[in-house]
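# A look at the structure
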Amino acid sequence: MDNVRDRRPRRLLGRAATVIAGCAALVGLQTTPAPAAGTQLAAPYQNMDTCPLTSSLLAEPGNLQVGCVHSEVDGGTFRIGEYSVPIGAPMKLNWGIRWSSAAPTVDISGSAANVYDTAAPVGGPLLDAPVTEAPLPGLANFWPGVTSADIKVEPAGPIKNFVPLAVGSDHPLFEMPIKLKVIHPLLGSHCYVGSDAKPIVLRASSPGAPELSFEADPNGHSTAVLKVSNGTLTDSSAAIPGASRCGLLGLGESNWIVNSLFDLPAGAGENAVTFTGVDTTIAIDDSLASLTAALNDARG
């Protein structure tokens, strides 16, 4: 990544924010409280009530930009070797972002794109996905819950290296560690493929051309909103580790069953992940005070 100090040509999202947004009020914003989690916000900030506006990462002096991200995935699959597992939908993700004073960037098709650090949401999950049923490999699913298992995608750590302007290229948009909870009466309540210690790390890219639009804050704050609609994310680089803690005792005595059924572990290049119908909204600002005020005004 290029950390050269001339930052102005690299502030791609910041430039958009400056062009389309009005002037922020500078007096009194520093003490504006963050919106309470669980409060539905008005457009264009819907579903951003858990944005971590009070996090120490977003409050660090010298941050060049801060923001909130909400993303929803309408469907997709995990392919593990020859076997495909459907993704429970809708999958919802929320996190905060900051572009640090080091101004990290990466080259995307000859242009410098900002690389953002992330902060976990407050009052809600980073990733929330419903359970989905997956027939067990090699078995006819004549008895759901016995000849099938329920699969739930869960986070296994923070998102890293978020590059929203990598959309339309082969460069990963982010690194996201996940784990798959395998729910079956014979496997106990702690059976996972992947773990916090050994996660499945997704480095998904969006080489297609989703719909892009910018929107100014409706109340005159300097916050700008980028919307990426109907995207498709893919990753064929993820390795899938073996099962852990499977069995009625939770000691891994049944790990071998899951590993045998799904032919685990499966190395990088043997698997593929596809997310479809991905809609992402990013609220971005040069000022944490202005961003906080914008979301507070959206509470109505």
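Residues numbered from 1 in each chain as written. Predicted model: local features only at pLDDT ≥ 70, side-chain atom pairs only at ≥ 80, totals over all residues. Heavy atoms only, no water.

### Some details on the overall build of the protein chain
From N to C terminus, the protein chain includes three helices and 16 strands. Sorting the 300 residues of the protein chain into buried and exposed places 48% on the buried side. At a minimum sequence separation of 6, the contacts of the protein chain that also span at least 24 residues come to 72%. Here the protein chain has roughly 13400 Å² of accessible surface; of this, 56% comes from carbon and sulfur atoms. (Helix = DSSP H or I, 4+ residues; strand = E, 2+ residues; numbered from the N terminus. Buried < 20%, exposed > 50% of the residue type's maximum accessible area, 1.4 Å probe, protein only. Contact = heavy atoms within 4.5 Å. Areas by Shrake-Rupley, 256 points an atom, 1.4 Å probe, with all protein chains shown as cover.)

### Quick notes on the pairing of strand β2 (residues 83-86)
Side chains Tyr 83 and Val 85 project from β2 onto a buried face, and the interleaved Ser 84 and Pro 86 project onto a face without burial. As defined by bridge partners, strand β1 (residues 65-80) adjoins β2 across four bridges and the pair is classed as antiparallel. Residue pairing in the sheet places Ile 80 in a bridge with Tyr 83 of β2. Connecting the antiparallel pair β1 and β2 is a turn made up of two residues, with Gly 81 showing a positive phi of about 60 degrees. (Pairing = 2+ DSSP bridges.)

### Quick word on the state of the cysteines
Here the structure, examined in full by the defined rule, presents two disulfides. Two residues, Cys 51 and Cys 68, share a disulfide whose sulfurs are 2.1 Å apart. Disulfide Cys 51-Cys 68: torsion about the S-S bond near -85 degrees, hence left-handed. Pair noted here: Cys 51 is in the loop between α1 (12-20) and β1 and Cys 68 is in strand β1, with a separation of 17 residues, a long-range link. The exposure class of Cys 68 is buried, given its relative accessible area of 1%. (Disulfide = S-S within 2.5 Å.)

### Observations concerning the pattern of salt bridges
All chains considered together, the criterion is met by four salt bridges. Here Glu 60 ties to Arg 98 by a salt bridge, and the two come within 2.7 Å at their closest N and O atoms. Of the two residues, Glu 60 sits in the loop between α1 and β1 while Arg 98 sits in strand β3 (residues 91-99), which places them 38 residues apart along the sequence. For Glu 60, a relative accessible area of 37% translates into the label partly exposed. One salt bridge in this structure joins Glu 215 and Lys 227, with 3.8 Å as the shortest N-O distance. Here Glu 215, found in strand β13 (residues 211-216), pairs with Lys 227, found in strand β14 (residues 224-235); they are 12 residues apart in sequence, far enough to count as distant. With a relative accessible area of 32%, Glu 215 lands in the partly exposed category. When salt bridges that share partners are traced, they join Glu 60, Arg 98 and Asp 117 into one network. (Salt bridge = Lys/Arg side-chain N within 4 Å of Asp/Glu carboxyl O.)

### Structural notes on the nonpolar core
If you look at the biggest cluster of nonpolar residues, it comprises 60 residues, and the most contacted ones within it are Phe 78, Met 91, Met 176, Ile 178, Leu 202, Val 258 and Phe 275. When residues no more than four places from it in sequence are discounted, the contact partners of Met 176 are Leu 93, Leu 127, Ile 159, Ile 200, Val 201, Leu 202 and Phe 275. Core analysis: the next-biggest nonpolar cluster, separate from the first, contains 16 residues, Leu 57, Cys 68, Val 225 and Ala 294 among them. (Core = buried A, V, L, I, M, F, W, Y, C linked by side-chain atoms within 4.5 Å.)

None of this, on its own, says anything about what the molecule does.
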